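Remarks on the overall topology
Residues per chain, in single letters:
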Amino acid sequence: MVFKKMLSAFGVGGPTVDTVLTNPNTRPGLTLDGQVNLVGGDAEAAIEQVVIGLVTRVEVEGHDAEYSGTLEFHRMAVSGAFLLAPKQQLSIPFQLPVPWETPITDVYGQRLHGMTMGLRTELAVARAVDKSDLDQVAVHPLPVHERILEAFQRLGFRFKHADLERGHIRGVQQTLPFYQEIEFFASPQYASTINEVELTFVTSQRGVEVILECDKRGGFLSAGHDAFGRFQVAHTDVDRVDWAQVVDGWLRETTSRYGSLRSQYGPSHGHGYGHGRGHGMGGMVAGAALGVAGGMVAGEMIEDAFEGDFGGDFGGDE
């Protein structure tokens, strides 16, 4: 499947750029292959650089506001400086490594509700930069991700929503400036204990760190609260265990040890790991309220740059 988009980068008579992906589907730790096709304009153009980058939508939570913006989180130059003659056609092949922590956008062939991902091409000519060529990318789960997501479904959890939160989880080694939250409604067998569960994968070449946030129900004499658990999984474990049994154990362990976590992290406030919880678990997140920085543009939605919709929801619930 190939996505093409022809754009005039610098107005009428300027060079055009057409980025072609060999396959827009990939997985964390793999690559995106393709080529950037340039066609010269009416006059010779001094191309300073051609750069490709992965961009996505990220939620930013401040002290008194929450907004979404686009963030480029991985980029690579595919050429240095060169002269593009009038009407000259030039193709530049590339192979972009996909970071291990790249969030999942598609499961079972369906787009996760709330997720967007694109490959953006920048063409720099005479100190002017055009960033308007954007191609849709689908990031599919690794086998260990699939097993864990399947286990939640086998246990009766229903997918609710997925998004990316700006910030870092305390005590977890991250390379990207955000983390993904995949939210589920609790299944009937857990409904007496849990309202919802948020699942986060922090993936590396060795394995996956799994972070669970369970929204616990309150009892007759107690208020509801969030409980957190962290678990390590190796890629080599993918076919060695009963994942439904493992995930069930994680949930029971997480919801039973709230007291020790509370003493370690303090009470939580708000939604997600971030949300300015500087005194508690969202102190587990450093820098969740960094504002407009590092390529973030408030209010600039990636969907506006894509044509058509993004497919169905995983689980169908919003």
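This one's a predicted model, so the numbers in the text were calculated from it and none came from an experiment.

1. Regarding the confidence of the model for the protein
The predicted model of the protein has a mean per-residue pLDDT of 78, with 72% of residues at 70 or higher. Ignoring residues within four places in sequence, the model shows residues 218-224, a span with pLDDT below 50, making four contacts including any to other chains. The low-confidence segment residues 258-318, where pLDDT is below 50, has 159 contacts with residues more than four positions distant or belonging to other chains.

2. Remarks on the nonpolar core
Of all hydrophobic cores here, the largest spans 60 residues; its most connected members are Ile 148, Phe 152, Leu 199, Val 210 and Leu 251. Counting residues per element, this core draws most heavily on strand β5 (residues 45-61), at six residues. Formed by five residues, the second largest nonpolar core is a distinct cluster that contains Ile 169, Val 172, Val 202 and Ile 211.

3. Re empty space enclosed by the protein
This structure, assessed with the given rule, holds two cavities of 30 Å³ or more. Of the voids in this model, the largest cavity is the one considered here, and its volume is about 110 Å³. Lining the largest cavity are 13 residues; nearest its centre among them are Glu 101, Pro 103, Gln 180, Phe 201 and Val 202. Sorting the residues of the lining of the largest cavity by element identifies β16 (178-185) and β17 (194-203) as the ones contributing at least two each.

4. Quick notes on the packing of helix α1 (residues 143-154) against helix α2 (residues 243-256)
Between α1 and α2, the shortest axis-to-axis distance is 8 Å and the interhelical angle comes to 75°. If you check the angle between α1 and α2, you find them roughly perpendicular. Contact residues: α1 offers Val 144, Arg 147, Ile 148, Ala 151, Phe 152 and Arg 154, while α2 offers Trp 243, Ala 244, Val 247, Trp 250 and Leu 251. Considered class by class, the residues forming the contact of α1 with α2 number nine nonpolar, no polar and two charged.

5. Some details on the packing of aromatic side chains
This model, assessed by the stated rule, comprises seven aromatic pairs. Measuring from ring centre to ring centre gives 5.1 Å for Phe 157 and Tyr 190, while their planes differ by 35°; the resulting arrangement is tilted. Remark: Tyr 190 occurs in the loop between β16 and β17 and Phe 157 occurs in the loop between α1 and β14 (158-166); sequence separation between them is 33 residues. Of the two residues, Phe 157 and Tyr 190, neither departs from the other in class, the shared state being buried. Measuring from centroid to centroid gives 6.4 Å for Trp 243 and Trp 250, while their planes differ by 65°, and the two rings are edge-to-face.

6. A word on the pairing of β17
Most of β17 is tucked away, with nine of its ten residues classed as buried. Here four bridges tie β16 to β17, and the two strands are oriented antiparallel to one another. Bridged to Phe 184 within β17 is Val 197.

7. Digging into the pattern of salt bridges
Where charged atoms from two side chains of opposite charge approach closely, those side chains can pair. Overall, the coordinates contain 14 salt bridges when judged by the stated rule. Between Lys 160 and Glu 196 there is a salt bridge, with its nearest N and O atoms 3.0 Å apart. One end of the pair, Lys 160, is in strand β14; the other, Glu 196, is in strand β17, with 36 residues separating them in the sequence. The partner of Arg 252 in a salt bridge is Asp 248, with the nearest N and O atoms 2.9 Å apart. Taken together, the residues Arg 252 and Asp 248, both in helix α2 and four residues apart, mark about one turn of the helix. With a relative accessible area of 17%, Asp 248 lands in the buried category. One network of salt bridges, with partners in common, ties together Arg 27, Glu 146, Arg 147 and Asp 239.

Analysis parameters
Residues numbered from 1 in each chain as written. Predicted model: local features only at pLDDT ≥ 70, side-chain atom pairs only at ≥ 80, totals over all residues. Heavy atoms only, no water. pLDDT = per-residue confidence, 0-100. Contact = heavy atoms within 4.5 Å. Core = buried A, V, L, I, M, F, W, Y, C linked by side-chain atoms within 4.5 Å. Buried < 20%, exposed > 50% of the residue type's maximum accessible area, 1.4 Å probe, protein only. Helix = DSSP H or I, 4+ residues; strand = E, 2+ residues; numbered from the N terminus. 1 Å grid on protein atoms, 1.4 Å probe; cavity = no way out; pocket = protein on both sides within 12 Å on 5 of 7 lines; lining within 4 Å. Points joined across faces, edges and corners; volume = space filled by probe spheres on them. Axes fitted to C-alpha atoms, helices over the stretch in contact; angles between N-to-C directions. Parallel < 35°, antiparallel > 145°, perpendicular 65-115°, else oblique. Nonpolar A, V, L, I, M, F, W, Y, C, P; charged D, E, K, R; others polar. Phe/Tyr/Trp six-rings, centres within 6.5 Å; stacked < 30°, edge-to-face > 60°. Pairing = 2+ DSSP bridges. Salt bridge = Lys/Arg side-chain N within 4 Å of Asp/Glu carboxyl O.

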